[in-house]
Amino acid sequence: MNLNMNSVETLVAQIHGLSGSISDINQLHSLLKQSEDLFQSESTRLAPLLTELDPFMHSLGYLYILDACTSAPISKEQASELVLSIARFINLCAAEQIRLAPDKFTSVCKRFKDQVMLLEDPMQGVAPMLTAIRKLQLSSEHLTTLHPDFLLFCLLAKCYKPGLSILEDDIFDVDQPRDFFLYCYYGGMICIGQKKFSKALELLHNVVTAPMSILNAIVVEAYKKYILVSLIHVGQFSISFPKYTSSVAQRNLKNFSQPYLELANSYGAGKISELELCVQAHNEKFEFDKNLGLVKQVVSCMYKRNIQRLTQTYLTLSLQDIANTVQLNSAKEAEMHVLQMIQDGEIYATINQKDGMVRFLEDPEQYKTCEMIERIDSSIQRIMMLSRKLTDMDEQLSCDPLYLAKVSL
Amino acid sequence: MELLWGNASGAVVNQVALEACVKACNEGRVVSSQGVVFQDEWPYAIHLLGHIYINYINSARFLWNSIPLAVKESQPEVLAAWKIGQKLWTRDYAGVHEAIREFNWSPEAQGSVTSFSELYTERMFDLLVSAYSTISTQDTALFLGLNADDAANYALEGGWTLDHASQMLTVKKQAVATEQKLDLSKLQHLTEICFPP
């Protein structure tokens, strides 16, 4: 036993000595890998050694020892201290060093996540997890296993802004499919919370149409939300899947979301009273799935859609007629609905209280402002970048041995 | 942080200071929750008012949901601040003014509340200009949080006209004046994309 601790002390000395240049670090890395068993056997006695190391200069060595310490079971009293010390390490460590041992770093962060969940204080996890992602990522296009954990913290802590900043990154590299499903699902929920329905729809669409050989629970829940967000944002829902959807999803998803599909049908018919009947009939199911809030938004959207539809037929219409057509209780209610839509930019209209009329106007956008040129320019840049990426991926794929094997048969 | 509060609750409140205050509050909450129990001392009322001022009602909602019950029950100013946010969320336009007026605000909060009240009246006036061609003085008064006479005067100063007999105000629309400083290089760039040299 003593012999082992001596070896550990020697290793610590070597960590101190070999944390200078890149070649030293590589040498240290091999030494550490060889000493895994040693660390595991002494895991309960390693904690004090951490005080001898600097989390920034000796990140790699610190990481190995921290990983071994945290692999032992943790008591609740130790949990909050552990959470603080891992958070400190994440904030201070050197990215180049920890990227040499990504699996170790990931498992330390996973344990961090478990302890934060045990303490039931997700707010503590938000900032460290974001830092961890930025240090672990090889580029902003790389999706790590930590991404979904971070988004989960954001959701639980109701701290959505940091989540949105990560969601703005375009992802091209994915480590594990499961990470991708969870990332898009949680990301969709965050966007829904911030009323960014367009982005939410995109993320949920990615979950539903992702390649898969068997159905999983994440996809089933995502599909339900996908239907609802589609109704809110686009005003309609089509039950046919895009061609690139997996056959397993196409065959089975509908079986798990009957109430939602019925709601979509009812919405398509356009009558508020029928829609509300449908909502009441499936109230329990919606509540159980925690989708009741979204369902309520679908109902209030219907009023908006019906009013918007009127603009296609009429130039002017009385408030009373609007109330009657859209099934509102009074002209005053209709006036408030129209006012809110004007405030949100969902309709171009002017209310004339003297005559009790609404005049519908054309979209005043003339597409000749400076902002419009900026938007066109940045959209074109983005598409050119995507097109280049697609060409590169196509070239890489056509040289891929697996692909060539399948194609040549 | 304290300096920002000082700025925020001072007599002259400007948008930049409040936005910085909200940002600091948001980040501070995230940073401070790492191991330090700040819950009770956190300036929730000011934080809420900050969100309300810069019109991030969604964020105010989430902040409200995360405030511990103990704080909600013991700090009536937090409840009062939230009431304003709630009225904004449900678009009870007149209710916002009532919520502002009915509470006796602390000195720290009074500055933010007064500035928000003025800003909100301006915003409501702009909304009326964009949405109405004619509107009764009574409704205008509700939207602006003024009595009927003051509301009519406010409108008249904005260029509207009043028909005394029917108590109807006719709105004066703003001419859309956009300074277009065109960046010629952007046009050049777009041209080159379509017609490569």
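Residues numbered from 1 in each chain as written. Chains lettered and ligands numbered in written order. Predicted model: local features only at pLDDT ≥ 70, side-chain atom pairs only at ≥ 80, totals over all residues. Heavy atoms only, no water.

As annotated in an unreviewed UniProt entry, chain B carries the name COP9 signalosome complex subunit 8 and comes from Olea europaea subsp. europaea.

Condition: UniProt positions are given in the numbering used here, feature names are shortened, and annotations may be inferred rather than shown by experiment.
Under the annotation held in an unreviewed UniProt entry, chain A carries the name COP9 signalosome complex subunit 3 and is attributed to Olea europaea subsp. europaea. Note on chain A: under the UniProt heading Sequence similarities (unreviewed entry), the record states "Belongs to the CSN3 family."

1. Digging into the nonpolar core
Spelled out, the test is: The term nonpolar core refers to a set of buried residues drawn from Ala, Val, Leu, Ile, Met, Phe, Trp, Tyr and Cys, joined through side-chain atoms within 4.5 Å. Any residue under 20% of the maximum accessible area for its type is buried, any over 50% is exposed, and the rest in between are partly exposed; the area is computed with a 1.4 Å probe on protein chains only. Throughout, a residue-residue contact means that at least one pair of heavy atoms, one from each residue, lies within 4.5 Å.
Membership of the largest hydrophobic core comes to 173 residues, with the highest contact counts inside it found for Phe105 and Ile322 of chain A together with Ile84 of chain B. Leaving out residues up to four positions away in the same chain, Phe105 of chain A has contacts with Leu63, Phe89, Cys93, Ile98, Ala132, Leu136 and Leu146 of chain A.

2. What about the interface of chain B and chain A?
Our working rule: Two parts placed together each lose some accessible area under a 1.4 Å probe, and the buried area is that loss summed for both. For this analysis, a salt bridge means a side-chain nitrogen from Lys or Arg found within 4 Å of a carboxyl oxygen belonging to Asp or Glu.
With 34 residues of chain B in contact, the opposing surface of chain A contributes 39 residues. Summed over both sides, the interface between chain B and chain A buries roughly 3,200 Å², with carbon and sulfur atoms accounting for 59% of that surface. Where chain B packs against chain A, one counts two salt bridges. One salt bridge connects Arg91 of chain B with Asp344 of chain A, and the closest N-O pair in it is separated by 2.5 Å.

3. Let's talk about the packing of aromatic side chains
The line we're drawing: Ring geometry is summarised as follows: Phe, Tyr and Trp rings, the Trp one being its six-membered ring, pair when their centres sit within 6.5 Å, and such pairs are stacked at plane angles under 30 degrees, edge-to-face over 60 and tilted between the two. Counting from the N terminus, the helices are DSSP H or I runs at least four residues long and the strands are E runs at least two residues long. Look at NZ for Lys and CZ for Arg. If either is within 6 Å of the ring centre and within 35 degrees of the ring normal, a charge sits over the ring.
Tallied over the full model, the rule gives 15 aromatic pairs over all chains. For the pair Tyr132 of chain B and Phe143 of chain B, a centre-to-centre distance of 6.4 Å together with 55 degrees between the ring planes defines the contact as tilted. Residue Tyr132 of chain B is found in strand E1 (residues 132-136), and its partner Phe143 of chain B is found in helix H9 (residues 137-144); the two are separated by eleven residues along the sequence. Just as Tyr132 of chain B is buried, Phe143 of chain B falls in that class too. Through a chain of ring-to-ring contacts, three or more aromatic side chains come together here, namely Tyr223, Tyr226, Phe237 and Phe241 of chain A. One cation-aromatic arrangement involves Arg61 of chain B over Phe62 of chain B; the distance from NZ or CZ to the ring centre is 5.4 Å. Directly above the ring of Trp64 of chain B sits Lys72 of chain B, whose terminal nitrogen or CZ lies 4.3 Å from the centroid.

4. Let's talk about the UniProt feature "domain: PCI" (unreviewed entry) in chain A
The feature "domain: PCI" (unreviewed entry), as annotated in UniProt, sits at residues 196-365 of chain A in this numbering. Between the C-alpha atoms that bound residues 196-365 of chain A the distance is 22 Å, and the span itself is 63% helix and 6% strand.

5. Here we look at the environment of Ile239 of chain A
Tracing the backbone shows Ile239 of chain A in the loop between helix H13 (217-233) and helix H14 (247-256). With 15 residues separating them along the chain, Ile239 of chain A and Lys254 of chain A place their C-alpha atoms 8.6 Å apart.

6. Examining unusual backbone geometry
For Glu120 of chain A, which is not a glycine, the phi torsion comes out positive at approximately 55 degrees. If you trace the backbone, Glu120 of chain A turns up in the loop between helix H7 (102-119) and helix H8 (123-136). Judged by its relative accessible area of 69%, Glu120 of chain A falls in the exposed class. Phi is positive for Arg91 of chain B, which is not a glycine, with a value near 60 degrees. Along the chain, Arg91 of chain B turns up in the loop between helix H6 (76-89) and helix H7 (93-101). Taking the relative accessible area as the measure of exposure, Arg91 of chain B reaches 22% and is therefore partly exposed.

7. Remarks on helix H10 (residues 160-167) of chain A
Each full turn of the α-helix corresponds to 3.6 residues, which orients residues three or four apart in the same direction. Summarising burial for H10 of chain A: six of the eight residues are buried, a large majority. Three or more residues of H10 of chain A are buried, namely Tyr160, Pro162, Gly163, Leu164, Ile166 and Leu167 of chain A. Tucked inside the fold, the buried residues of H10 of chain A contact H8, helix H9 (146-157), helix H11 (177-193) and helix H12 (197-208) of chain A together with helix H4 (57-66) of chain B.

8. Considering the packing of H6 of chain B against H7 of chain B
Residues and elements named next belong to chain B. The condition that has to hold: Helix axes use the C-alpha atoms of the stretch in contact, all axes being lines fitted to C-alpha atoms, and the angles between their N-to-C directions lie in the range 0 to 180 degrees. An angle counts as roughly parallel when it lies under 35 degrees, as roughly antiparallel when it exceeds 145, as roughly perpendicular when it falls between 65 and 115, and as oblique in every other case. Polar here means any residue outside two lists: the nonpolar Ala, Val, Leu, Ile, Met, Phe, Trp, Tyr, Cys and Pro, and the charged Asp, Glu, Lys and Arg; Gly therefore counts as polar.
Close contact between H6 and H7 brings their axes to 8 Å; oriented N to C, the two are set at 175 degrees. Viewed along their axes, H6 and H7 adopt a mutual orientation that is roughly antiparallel. Residues Lys83, Ile84, Lys87 and Leu88 of H6 pack against Gly95, Val96, Ala99 and Ile100 of H7. The residue makeup of the contact of H6 with H7, split by class, is five nonpolar, one polar and two charged.

9. Here we look at helix H3 (residues 44-53) of chain B
Residue and element names in this part refer to chain B. Burial within H3 is extensive, with ten of its ten residues counted as buried. Listed in full, the buried residues belonging to H3 are Tyr44, Ala45, Ile46, His47, Leu48, Leu49, Gly50, His51, Ile52 and Tyr53. Once H3 ends, the next one or two residues include Asn55, with phi positive near 65 degrees.

10. Thoughts on the pattern of salt bridges
Residue and element names in this part refer to chain A. Following the criterion strictly, the structure yields 18 salt bridges over all chains and no others. The partner of Asp67 in a salt bridge is Lys104, and the shortest N-O contact between them spans 2.9 Å. Of this pair, Asp67 sits in helix H4 (residues 59-71) while Lys104 sits in helix H7, placing them 37 residues apart in sequence. The exposure class of Asp67 is buried, given its relative accessible area of 5%. Note on Lys104: relative accessible area 13%, which makes it buried. Of the charged contacts, one joins Arg134 and Asp169 as a salt bridge, the two residues approaching to 3.1 Å between their closest N and O atoms. Taken together, the positions of Arg134 in helix H8 and Asp169 in the loop between H10 and strand E2 (173-174) put the pair 35 residues apart, joining distant regions of the chain. Residue classification places Arg134 among the partly exposed residues on the basis of a relative accessible area of 36%. Judged by relative accessible area, which is 18%, Asp169 ranks as buried. Taken together, the shared-partner salt bridges in this structure form one network comprising Glu36, Asp67, Lys104 and Arg111.

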